[in-house]
Amino acid sequence: MKILIIEDDLEAAAYLTKAFREAGIVADHASDGESGLFMATENTYDVAIIDRMLPRRDGLSVISELRRKGVHTPVLILSALGQVDDRVTGLRAGGDDYLPKPYAFSELLARVEVLGRRKGTPEQDVLYRVGDLELDRLSHEVRRGGKEILLQPREFRLLEYLMKNAGQVVTRTMLLENVWDYHFDPQTNVIDVHVSRLRSKIEKDFSQPLLKTIRGAGYMIKDEG
C-alpha cells in the first residue's frame with residue numbers, strides 16, 4: 001500500500017511516516033496544501049491522510065479540488081476540530097473518514113487499511129466479467145455462458161465483491177467487513193457455507209472452475225482459461 005500524508009506539523013509527519021513504513025506501508029509526505037494537491041494529482045495513492053488546517057491551501061479545499069479533478073483516492077481527514085458539525089463538513093467536502101486529534105496510531109492504521117481496500121476507484125462499473133461469468137450490478141442478474149444463475153441476496157453480494165477484486169486474494173476478514181458488514185470470529189464457518197453454495201451455483205455444469213480457495217489466505221475468483 002502507498003499513502004500520502006499532507007501534514008504541516010513536521011514532527012508529527014515524521015512520526016507517522018516512520019510508523020507507517022514500519023507497518024509495511026509506503027508513505028510520502030507533503031507539508032502544505034498546494035504541494036499535497038500536486039502530489040495527489042500527479043501520483044497514484046491508495047489512501048491520502050489530510051490535515052484540515054494547512055498552509056497555502058486548507059485541507060477541505062484540497063479534497064474538494066481532488067474530487068473536482070476526478071481523483072477518487074480515499075481520504076482520511078485528521079483534525080483538532082472534532083465536533084459533529086466539523087466532521088459532517090469534512091465528509092461532505094469529499095472525505096471518506098474523519099479522525100479527530102489526538103488519536104491512537106493503532107486506530108489510524110486500522111482506518112487506513114480499511115480505506116485502502118477500496119482501491120481508490122469509483123464504483124462506476126455496472127457489469128463485472130470473469131471469463132464467461134457476468135454480473136450486472138443494476139439488474140442484479142448473473143449469467144454464465146448466457147445461462148441465468150439465480151442467487152440469494154447474500155450470495156449476490158459475495159460474488160459481486162469477489163468479482164470486483166478478481167485476480168486478487170480476498171481474505172475472510174475482508175469478506176466479513178464488506179459483505180456481512182460486521183466483525184466476528186473470522187474462523188466462523190458462515191463464509192465457507194456461503195462460498196460453497198455460490199461455487200456450486202456458478203460452476204455447476206461448467207468444466208472451467210473460477211472460484212478458488214487459497215489455503216491459509218482466503219478466496220480468489222479468476223479466469224485461467
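Look above for the structure.
From a predicted model like this one, the values you see are computed outputs, not experimental measurements.

Sorry, what's going on with the overall build of the protein chain here?
Across its full length, the protein chain carries eight helices and 11 strands. For the protein chain, with 225 residues in total, the buried portion stands at 41%. In the protein chain, the share of contacts with a sequence separation of at least 24, taken over all contacts with a separation of at least 6, comes to 55%.

Before we go on, may I ask you to explain the packing of aromatic side chains in this structure?
Remark: the centre distance and the inter-plane angle together describe each pair of aromatic rings, the angle taken between the planes. Counted by the stated rule, this structure contains two aromatic pairs. Between Y15 and F105 the ring centres are 6.2 Å apart and the planes differ by 75°, which places this aromatic pair in the edge-to-face class. You can see Y15 sitting in helix 1 (residues 10–22) and its partner F105 sitting in helix 5 (residues 105–116), a full 90 residues away along the chain. Given the relative accessible area of 17%, F105 is considered buried. Pairing F20 with F105 gives two aromatic rings, centres 5.0 Å apart and planes at 70°, and the pair type is edge-to-face. Here F20 is found in helix 1, whereas its partner F105 is found in helix 5, with 85 residues between them in sequence. Linked through ring pairs, Y15, F20 and F105 together constitute an aromatic cluster.

What is the right way to look at the nonpolar core in this model?
Soluble, globular proteins show a tendency: their nonpolar side chains are buried together. Counting residues in hydrophobic clusters, the biggest one holds 27 residues, and the most contacted among them are L133, L159, L175 and I221. Among the nonpolar cores identified, the runner-up in size contains 19 residues, and L4, A30, M39 and I77 belong to it.

I tried to follow the sheet that holds strand 5 (residues 97–100) on my own but got confused; where do I start?
Each strand in a sheet pairs with its neighbour through backbone hydrogen bonds, running either in the same direction (parallel) or in the opposite one (antiparallel). The strand order 2-1-3-4-5 describes an open sheet built from five strands, whose pairing is parallel. The sheet terminates laterally at strand 2 (26–30) and strand 5, the two strands that pair on one side only. Across this sheet, the average inter-strand angle for adjacent strands is 20°, counted without regard to direction. Note: strand 3 (residues 47–51) against strand 4 (residues 75–79), four bridges, orientation parallel. Each residue of the ladder has a partner; that of I49, found in strand 4, is L76.

Just checking my understanding: could you explain the sheet that holds strand 6 (residues 127–130) for this structure?
The sheet built from four strands is open, its strands ordered 6-7-8-9 with antiparallel pairing. Edge positions in the sheet fall to strand 6 and strand 9 (147–149), since each has one partner strand and no second. Between one strand axis and the next, the sheet turns through 25° on average, direction left out of account. For strand 6 and strand 7 (residues 133–136), the ladder comprises four bridges, and the chain directions are antiparallel. Bridge assignment links Y128 to a residue of strand 7, and that residue is L135. Helix 6 (residues 153–164) contacts strand 6, strand 7 and strand 8 (141–144) of the sheet and is inclined by roughly 115° relative to strand 7.

Thresholds applied
- Residues numbered from 1 in each chain as written.
- Predicted model: local features only at pLDDT ≥ 70, side-chain atom pairs only at ≥ 80, totals over all residues.
- Heavy atoms only, no water.
- Helix = DSSP H or I, 4+ residues; strand = E, 2+ residues; numbered from the N terminus.
- Buried < 20%, exposed > 50% of the residue type's maximum accessible area, 1.4 Å probe, protein only.
- Contact = heavy atoms within 4.5 Å.
- Phe/Tyr/Trp six-rings, centres within 6.5 Å; stacked < 30°, edge-to-face > 60°.
- Core = buried A, V, L, I, M, F, W, Y, C linked by side-chain atoms within 4.5 Å.
- Pairing = 2+ DSSP bridges.
- Axes fitted to C-alpha atoms, helices over the stretch in contact; angles between N-to-C directions.

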